[in-house]
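Overview (structure and organization)
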Amino acid sequence: MTTIERITEYLEVDLDSERWRCVRCGHVHGPARESYKRGLLVHRRDPAEIHRPLVDAERYEYTFAPDAQWCQILEYYCPGCAVMVEVEYLPPGHPITHDIELDLEWLKRRVAERAAGTGTEATA
Amino acid sequence: MATNPTTPDSTEDEAAALEAEVQEFLHKTVLYRGPDREIMRNHKPAPRTALEERAIAAGTDDLTKTIIRNRLQTSANEAKDMLMHIASAPSAKWGDLISGIFTASGDLAVASSSGVLIFSVLAGPPIKYILKHWKDEETVGVRDGDIFMHNDARFGNVHNTDQSCLMPVFHEGELIAWVGTIIHEGENGATEPGGMPSAAESPYDEGLKISPMKIGENFRLREDLVTYFQNSVRDPKLQLEDMRSRLAGTMRLRQRLLEAVEEYGRDAVIAVTRGTLEFTGAEVRRRLAAIPDGKRRVVRFCDNTLREPILLKINCTIEIKGDEMIIDLRGSGPELMNRAINTVLASLKGMIAQVFLTFVWPDLPRNQAAFEPVTVLTDEGSAFDCSAEVPNAVSMMTFFPSFSAVEHCLQKFLYNDKHTGDEAKSTEIHASWWPMINGFLFGGYTQHGYFVGNVMTDINGMGGGARSDRDGEHALAPIFCSMSDLGENEMVEDELPVLCLANRRIMRDNQGFGRFRGGHGHQQVMTFKDSPLWGWMAIAIGSKFPLALGLFGGYGSPCQPLMKVKGVNLLEAMREDRSLTVDDPVALMNERPFADAEYSTAHTGMQFEMAAPGEVYAMSQGGGGGYGDVLERDPEAVVRDLRRDLISAWTARSIYFVAVDAATGALDAAETERLRDEERRARLSRGVPFDEFEQAWTTDQPPAGLPYYGSWADRTVIHAGGPDVTMPADALQPVAML
Ligand SMILES: [Zn+2]
């Protein structure tokens, strides 16, 4: 039996193999003690491709679009099903964020406690 | 003290007496009783007092305590509702205020259930200051009937446009509690009208800076002091009315508290105020313990000082460990010597507590202890923990995005709990709320002949973030006060020489895209008439770098510019040509229907600027962030948004990959599926494996030419304007902006 913990809309962790997996397609992204991003595909975008200028960019400096010199959009896709797992807005070249760092021992302890019926009860 | 063994005893006694005299002299002769570091850096409730121990030991039964707690809550709400009706400040009328009951030690135990809950952890410090510095000072003292007031954030407050009224409550000669009310007043005599001066270059440009002080005795305000405060601001009418309003609200709360004491006994009431604090802290700890341990990180960027564009980093790591939370903001940008966006640490904590009290656990009792299990780590001298010598009047520019950072990280913690039993009892998982006050401040003469300076309550219409199971709501509520209102245009136009040409209009494409989309903000197109002198101001960031974050593959929401049409009186032009209209500022800027007018856009940091009648100033509130992958959005929902003009045809096609039949406007389901499959294949072909991408992407330094403030990879090295200027994080110096 495998023990799966849902972590986000598109990410889950198999506590037995200690691997990140895609919720949609089951693709294994890699070691759960590292960033899930390591197993994904990344695409860098000019932010104006998504947040396009709404007032005339030829005429105006500020247009509702982000400034591409200041901000880039990084999109992370599942290599299995191409679902967009995460979007990150960063200044060009800024180190990528290790956004989710799990404590696998804590999760495993809870699984064991719940199996033994000793978990904490929710109170009103 | 070193003693000489040969010195006779009598001399030793004399030396000790002299030492005692010197100590007494030093204690009494204080050069300046400024902001108290010990009080200001500690947000935890004080230990139980002897009075509280005795009261709790008296053993009031739980049912009685519940009745008392509900009664005190109702009383706090009553005082707040009363103030909304009688106070004059525009913000007070629409909910930007709070009232509450404090313990005798100054901890906020029961706050009005709506209102600005930022105050939950920073309304107490001024009382603690009064207790520490003025209670035993023979020229001040704390007695029944005393009235205290304060507004300076360096002593505990959001910013000095907020003014308080605080009163001790005595019972049979013993101090048993404090009661108080706080209102966002607006005008405060700063270098610009309206109370939130972005032109301030030092604390001394920020207007009234009231350290906690006694302003009345025997339940009456001292008229000489009232006159002094009126004399210090541009709107003496407002100052008088609201000093009296706050006193009335505070005295009502005092009356209700004493009625409860009369009915249930002093011990029972004190057991409830103290007990509520302790219960709340314990419940937050229980909930934190239910959330899996671990760390979450995000980096955010404030993109403006309100004077010039900069990139000021918020470096946020949140750790949950057992029943405690550590919010680590070290590595964030340094304080700016002559820009007012710095925040005092206590104000930052207040804003973060707001995440807890309204956006994650709105069921918690409204009090200070909700934040008790949290530790906040900062670099002292950063813009997020600024010194007393730098201005802080528009600290919202740094603490609002900090709110978003914490809000965002908490969602990434809470998702697992939501799916495995919901033991932490949080609200729905959601993407960022729009975290900025995109609305106008104003100053000038009204059509009634009064000089006023204040803020339009349009700032309250921030777009809601998308939820995990539905779209975000439009122009819903500000992040600092979830129950406040936008106000009524007719009332605004009745009081001010202002015309809202196209207000409360939801703007197309102004959303965070996602499987569920963020709510939109509303547009504001302002002009004025019938005034000899009128001007506008704007204090918002987010014109270059998006502010609201998406969640789990959702996009953030767009940037927001300021738009102006000057050099023409639109009202006259429209009177002459009835075909001219202004119902959409974006169309106004693109179509330029008024000949000879000057059309321009700018970032949303605008110092007070005089306008001519009929000139137009416009902006939009921002939208909330999106949730989940855009390709998973229900195509029918996209078509519905298109039909409602919430999105353009371009967005339906290029963002959501939805095909619509041009003739009928109906969904083309087969073509949509084809477009989406094609886009999925395109993602797989353009996506680069992470390691390869990271190697090509990451640089050692911020790009040259970018005005970058804060750490890059190493949180102990703080950049101060670019790649080459750095400071160690433990020895930050204020940065002077040229
Ligand atoms: Zn997948």
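Fair warning: this is a prediction, and the values are worked out from it, not measured in the lab.

Rules used in this analysis
Residues numbered from 1 in each chain as written. Chains lettered and ligands numbered in written order. Predicted model: local features only at pLDDT ≥ 70, side-chain atom pairs only at ≥ 80, totals over all residues. Heavy atoms only, no water. Helix = DSSP H or I, 4+ residues; strand = E, 2+ residues; numbered from the N terminus. Rg over C-alpha atoms; globule rule 2.2 N^0.38 Å. Buried < 20%, exposed > 50% of the residue type's maximum accessible area, 1.4 Å probe, protein only. Contact = heavy atoms within 4.5 Å. Areas by Shrake-Rupley, 256 points an atom, 1.4 Å probe, with all protein chains shown as cover. Lys, Arg positive; Asp, Glu negative; His and termini not counted. Charge placed at Lys NZ, Arg CZ, Asp CG, Glu CD. UniProt positions renumbered as here; feature names shortened; annotations may be inferred. Donors = N, O, S within 2.8 Å, 3.2 Å for Na, K, Ca; no water. Tetrahedral: all angles 85-135°; square planar, octahedral: opposite > 155°, others 65-115°. Pairing = 2+ DSSP bridges. Polar contact = N/O pair within 3.5 Å; in protein donor to acceptor, adjacent residues only side chain to side chain. Buried area = accessible area lost by both parts, 1.4 Å probe. Salt bridge = Lys/Arg side-chain N within 4 Å of Asp/Glu carboxyl O. Phe/Tyr/Trp six-rings, centres within 6.5 Å; stacked < 30°, edge-to-face > 60°. Lys NZ or Arg CZ within 6 Å of the ring centre and 35° of its normal. 1 Å grid on protein atoms, 1.4 Å probe; cavity = no way out; pocket = protein on both sides within 12 Å on 5 of 7 lines; lining within 4 Å. Points joined across faces, edges and corners; volume = space filled by probe spheres on them. Nonpolar A, V, L, I, M, F, W, Y, C, P; charged D, E, K, R; others polar. Domains from an automatic or database assignment. Axes fitted to C-alpha atoms, helices over the stretch in contact; angles between N-to-C directions.

Our focus in this paragraph is the overall build of chain A. Scanning chain A from terminus to terminus reveals one helix and eight strands. Ordered by position from N to C terminus, the α and β elements of chain A give β-β-β-β-β-β-β-β-α. The C-alpha radius of gyration computed for chain A amounts to 20 Å, which surpasses the reference 14 Å derived for 124 residues by more than 25%, pointing to a less compact arrangement than a globule. Its C-alpha atoms give chain A principal-axis dimensions of roughly 65 × 40 × 25 Å. Taking all 124 residues of chain A together, the buried fraction comes to 56%. Expressed as a percentage of contacts within chain A between residues at least 6 apart in sequence, the contacts between residues at least 24 apart total 41%. Just so you have it, chain A exposes about 5,000 Å², and 46% of that area is on carbon and sulfur atoms. Charge-centre separation for chain A: the mean point of 15 positive side chains lies 3 Å from the mean point of 22 negative side chains.

What follows is about the side chain of B:Ser164. Tracing the sequence through the fold places B:Ser164 in strand β4 (residues 162–171). Excluding residues that lie within four positions of it along the chain, B:Ser164 makes contacts with B:Phe148, B:Met149, B:His150, B:Thr181, B:Ile182 and B:Arg246.

So, about the UniProt feature "domain: Hydantoinase B/oxoprolinase" (unreviewed entry) in chain B. Per the UniProt annotation, the sites labelled "domain: Hydantoinase B/oxoprolinase" (unreviewed entry) are residues 61–629 of chain B. Here residues 61–629 of chain B runs as 29% helix and 22% strand, with 52 Å between its end C-alpha atoms.

A few words now on the coordination of the zinc ion. Residue and element names in this part refer to chain A. Coordination sphere of the zinc ion, protein contribution only: Cys22 (SG), Cys25 (SG), Cys78 (SG) and Cys81 (SG), at 2.2 to 2.4 Å. If you look at the zinc ion, its four donor atoms make angles of 100 to 114 degrees with each other, and the shape they trace is tetrahedral. Mapping the donors of the zinc ion onto the primary sequence gives the spacing C-x2-C-x52-C-x2-C. Taking relative accessible area as the criterion, Cys78 reaches 0% and is therefore assigned buried. A relative accessible area of 22% means that Cys81 is categorised as partly exposed.

To continue, consider the sheet that holds strand β22 (residues 688–689) of chain B. Across the sheet, four strands lie side by side as β7(A)-β6(A)-β5(A)-β22(B); this open sheet has antiparallel pairing. The open sheet terminates on both sides in strands that have one partner only, identified here as β7 (84–90) of chain A together with β22 of chain B. In terms of strand pairing, strand β5 (residues 41–45) of chain A meets strand β6 (residues 72–77) of chain A through five bridges, oriented antiparallel. Residue pairing for β6(A): A:His43 is matched across the bridge by A:Glu75.

Once that is clear, we can look at the side chain of A:Asp99. Tracing the sequence through the fold places A:Asp99 in the loop between β7 and β8 (100–102). Reaching out from A:Asp99, the side chain makes a polar contact with the side chain of A:Tyr36 at a distance of 2.8 Å. Not counting residues up to four positions away in its chain, the partners in contact with A:Asp99 are A:Tyr36, A:Lys37, A:Glu86, B:Lys295, B:Arg296, B:Arg297 and B:Lys412.

Residue-level contacts link 73 residues of chain A with 84 residues of chain B. Summed over both partners, the interface of chain A with chain B buries about 6,900 Å², with 58% contributed by carbon and sulfur atoms. Where chain A touches chain B, the interface holds 11 salt bridges. A:Glu86 is paired through a salt bridge with B:Lys412; the nearest N and O atoms lie 2.8 Å apart. The interface formed by chain A and chain B includes 40 residue pairs in polar contact (both at pLDDT 80 or more).

This paragraph deals with the packing of aromatic side chains. Each aromatic ring pair is summarised here by two numbers: the centre-to-centre distance and the angle between the ring planes. Residues and elements named next belong to chain B. Following the criterion strictly, the structure yields 24 aromatic pairs over all chains and no others. Considering the side-chain rings of Phe399 and Phe400, the 5.3 Å spacing of their centres and the 80 degrees angle between planes classify their relative orientation as edge-to-face. This pair shows no difference in class: Phe399 is buried, exactly as Phe400 is. Members of the aromatic cluster, each reached through a chain of ring pairs, are Phe440, Phe442, Phe528, Trp534, Trp536 and Tyr617. Over the ring of Tyr450 we find Lys237; its NZ or CZ atom is 4.3 Å from the centre of that ring.

A few words now on the layout of surface pockets. Residue and element names in this part refer to chain B. By volume, the largest pocket is sized at about 420 Å³. Together, 25 residues line the largest pocket, and Ser88, Pro90, Lys93, Glu495 and Leu496 are the ones closest to its centre. At four residues, strand β13 (residues 451–455) tops the list of elements feeding residues into the lining of the largest pocket. Residue classes in the lining of the largest pocket are distributed as 12 nonpolar, six polar and seven charged. Mapped onto the domain boundaries, the lining of the largest pocket takes at least three residues apiece from domain 1 (75–262) and domain 2 (436–633). As a volume, the second largest pocket reaches approximately 360 Å³. Those elements that place two or more of their residues in the lining of the second largest pocket are β8 (294–304), β9 (309–321) and α18 (690–697). With four residues, β9 is the single largest residue contributor to the lining of the second largest pocket. A class-by-class count of the residues in the lining of the second largest pocket yields eight nonpolar, seven polar and eight charged.

Right, let's talk about the sheet that holds strand β2 (residues 11–14) of chain A for a bit. Residues and elements named next belong to chain A. Spatially, four strands are ordered β1-β2-β3-β4 in an open sheet, and the strand pairing comes out antiparallel. Only two strands of the sheet have a single partner each, and these edge strands are β1 (4–6) and β4 (28–31). Across the sheet, the axes of successive neighbouring strands diverge by a mean angle of 25 degrees, strand direction being ignored. With three bridges joining them, β1 and β2 adopt antiparallel strand pairing. What sits directly across from Arg6, in β2, is Glu12.

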